[in-house]
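# Inside the fold
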Amino acid sequence: MITYYDDIRRVRELELPWETLNEANILITGASGLIGRALVDALMQLPDKTFHLYAGARDWDYARNCFLQYKDTDSFTLIQCDVTMPISVSYTHLTLPTN
């Protein structure tokens, strides 16, 4: 039986122009939703992460649980945000808090 993570790992084997992501800052809003989470997981499975991925999610606790596996990854930052509200950002780097 093929699982979600089997499909996600298969994405990295696709012949796509992954090099276009070099040195990019990528923001995915709705990161804990169905499509957003799949995008985050697919990008974080790439072997050479020369980009920085910012994952924006409204529900902080749920998102932290979704992306716990990336908490010590330098190329990943979780941001609590609601795209229906104005964003005020004044930080240099956010990371997942360790409990």
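Below is a short write-up of the structure. (Residues numbered from 1 in each chain as written. Predicted model: local features only at pLDDT ≥ 70, side-chain atom pairs only at ≥ 80, totals over all residues. Heavy atoms only, no water.)

Either a parallel or an antiparallel arrangement is found when strands of a sheet pair, and the pairing is made through backbone hydrogen bonds. Across the sheet, which stays open at both edges, the three strands sit in the order β1-β2-β3 with parallel pairing between neighbours. Each end of this open sheet is capped by a strand with a single partner; those strands are β1 (25-29) and β3 (76-80). Ignoring strand direction, the axes of neighbouring strands in this sheet form an average angle of 20°. Where β1 and strand β2 (residues 52-57) come together, five bridges link them in parallel fashion. Bridging from a neighbouring strand, N25 pairs with H52 of β2. Helix-sheet contacts for helix α2 (residues 34-44) involve β1, β2 and β3, and the interaxial angle to β1 is about 150°. (Pairing = 2+ DSSP bridges. Helix = DSSP H or I, 4+ residues; strand = E, 2+ residues; numbered from the N terminus. Axes fitted to C-alpha atoms, helices over the stretch in contact; angles between N-to-C directions. Contact = heavy atoms within 4.5 Å.)

This part covers the pairing of β3. In regular strands, side chains alternate between the two faces of the sheet. Counting buried positions over the five residues of β3 gives four, a clear majority of the element. Inspection of the sheet shows β2 paired to β3 by five bridges, in the parallel sense. Looking across to β3, one finds that L53 is bridged to F76. For the crossover that starts at β2, traverses helix α3 (residues 60-66) and ends in the parallel β3, the hand is right-handed. (Buried < 20%, exposed > 50% of the residue type's maximum accessible area, 1.4 Å probe, protein only. Right-handed = clockwise from strand over helix to strand, strands pointing away.)

Attention shifts here to the pattern of salt bridges. Under the criterion given, the structure shown has four salt bridges. Across the salt bridge formed by R9 and D6, the nearest N and O atoms sit 3.1 Å from each other. Of this pair, R9 and D6 both sit in helix α1 (residues 4-11), three residues apart, roughly one helical turn. Classification of D6 as partly exposed rests on a relative accessible area of 28%. D7 is paired through a salt bridge with R10; the nearest N and O atoms lie 3.4 Å apart. Residue D7 and its partner R10 are located together in helix α1, separated by three residues, close to a single helical turn. (Salt bridge = Lys/Arg side-chain N within 4 Å of Asp/Glu carboxyl O.)

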